[in-house]
Amino acid sequence: MHILMSKPSVGKAELSMIAEVFKSGWLGEGHITELFEKQLEKLTGAPHVIAVNTGTSALHLALYSLGISSGDEVILPSMTFVSDPMAVIMCGARPVFCDIDPETLNIDPRKIKPLLTSRTRAIMPTDFAGVPVDIPAIRRVIGKRDIKIIRDASHSFGSLIQGRHIGVWLGEDATCFSFDPIKNLTCGEGGAILVQDEKLAANLRCQKMLGMKRTTWQSLSKKTVEDRRVVQQGFRYHMSNINAAIGLAQLRQFKRFAARRRKLAKLYDQLLSKNSQVKIFKRDYDTIIPFMYIIRVKPEHRDDLIAYLAQNSIHAGLRYYPCHLQKFFGHQGRRLPVTEQLAREMLSIPLFPGLTEKQVRFVVSKIQAFFD
Ligand SMILES: Cc1ncc(COP(=O)(O)O)c(C=O)c1O
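Treat the numbers as computed from the prediction; the structure is a model and nothing was measured.

Draft legend 1. A look at the overall build of the protein. Helix and strand counts for the protein stand at 11 helices and 12 strands. Over its C-alpha trace the protein gives a radius of gyration of 21 Å, about what one expects of a compact globule, namely 21 Å for 372 residues. Here the C-alpha coordinates of the protein stretch approximately 70 × 55 × 35 Å along the principal axes. Counting every position in the protein, which comprises 372 residues, the buried fraction comes to 47%. Within the protein, contacts between residues at least 6 apart in sequence are counted, and of these 73% link residues at least 24 apart.

Written out as structure tokens, the structure reads:
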């Protein structure tokens, strides 16, 4: 049996919530989706949470709703999942890749300024591996210019800033979560957009359901007549009751999942700090919830180490291959030295709530054996 890099923690609690949805006879977007949104609002303090079907949809819809379109430029880190630049391209805009800070692995606010042009309309930073990006620092770089900030919080659900849950309270125009199978919280597949602005929220609700004035569920729940006229362009991005049911069951267990991730990451820290060939990243696990556990080794060892771990049934790998080096996103001729150096040294090793301490020790022992 492989020790996977990541694995969802789902079981009886999720199954029994899904059974409730089956009994209700309403599988699509509905009362459970609404309940899930309300619980996320309570947890994050966001005035409006709009649940959608994936994190990628959340990013795309946030950009679209904030008016990003053809000819615009969006600045984002290259060290992120391909969903981010793809969402920009889906709007007809151009991704402009920025270098990262070697310690946080987040976009480096100091490197944003030279990338600003008259076409820059948005900045979309990722909270890499759960570490919140410094939004106020990005705001300071932007100054008075009308540039939107969309926080990709796909990795940081549950992490805290100044004791408060990641949300949309630090100057972000929108914050997006992913609830895909391996995230800190899963819906099977899912995502959410958090916004402050009521009008923006109303637009997002309309656009996620094909731009229809009122959905069947909205009409039924408000005991009003259906109005399915299309009033603007929209997408089929809503979240079903089934996926929301999984999310609700996960929320009830979330404290346990978070504690488990933190405990295992601390154990890795403790064991790996004895290995001089491995560099670990210093993290405050009292505030962040680690989504991934990333280590650094010398570039000449990295790929051999991944292969050695695979031979020992341990799933490890690079997260992520830099987007600016991907042909599809168009190599812009600019070098991103920190991103490129880290992409030669980084690897992600197994971390998920169901991982046992024994497995963590086994992974560390195999890393040690490789260097011995
Ligand atoms: C940083 C980041 N952004 C966006 C996404 C997209 O989320 P989803 O898989 O739910 O579409 C992911 C998913 O892995 C991610 O890691």
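Draft legend 2. Expanded view of the domain arrangement of the protein. Here the domain parsing of the protein yields domain 1 (12-248) and domain 2 (254-371). If you average the C-alpha positions of domain 1 and of domain 2, the two centres end up 26 Å apart. Taken together, the contact pairs 21 residues of domain 1 with 23 residues of domain 2. Of the residues in the side of domain 1 that touches domain 2, the class split is 12 nonpolar, seven polar and two charged.

Draft legend 3. Quick peek at the sheet that holds strand S11 (residues 293-296). Strand order in the open sheet formed by three strands is S10-S11-S12, with antiparallel pairing between adjacent strands. Two strands in the sheet have a free side with no partner beyond their single neighbour: strand S10 (279-280) and strand S12 (346-349).

Draft legend 4. The arrangement of the sheet that holds strand S2 (residues 73-77) in detail. What the seven strands build is an open sheet, ordered S1-S9-S8-S5-S4-S2-S3; its pairing is mixed. Two strands lie at the open edges of the sheet, namely strand S1 (48-52) and strand S3 (94-98), each paired on one side alone. Pairwise comparison of adjacent strand axes, ignoring direction, gives a mean angle of 25 degrees for this sheet.

Basis of the calculations
- Per chain, residues are indexed from 1 in the order of the written sequence.
- Where totals are concerned, whole chains, interfaces and linings use all residues; where local detail is concerned, this predicted model gives features only for residues with pLDDT of at least 70, and gives and counts side-chain atom pairs only at 80 or more.
- Numbering of helices and strands runs from the N terminus, with a helix taken as a DSSP run of H or I at least four residues long and a strand as a DSSP run of E at least two residues long.
- As a reference, a globule follows 2.2 Å times the number of residues to the power 0.38, and the radius of gyration itself is taken over C-alpha atoms.
- Partly exposed residues are those falling between the two cut-offs: more than 12 but fewer than 20 other C-beta atoms within 10 Å of their own, whereas 20 or more means buried and 12 or fewer means exposed, with C-beta atoms placed from the backbone.
- Any residue pair is listed as a contact if its two C-beta atoms, each placed from the backbone, are within 7 Å.
- An automatic or database domain assignment supplies the start and end points of every domain.
- Polar here means any residue other than Ala, Val, Leu, Ile, Met, Phe, Trp, Tyr, Cys and Pro, which are nonpolar, and Asp, Glu, Lys and Arg, which are charged; Gly is therefore polar.
- Pairs of strands are assigned from DSSP output, requiring at least two bridges between the strands.
- Here an axis means a line fitted to C-alpha atoms, over the contact stretch when the element is a helix, while the angle between two N-to-C directions is reported on a 0 to 180 degree scale.

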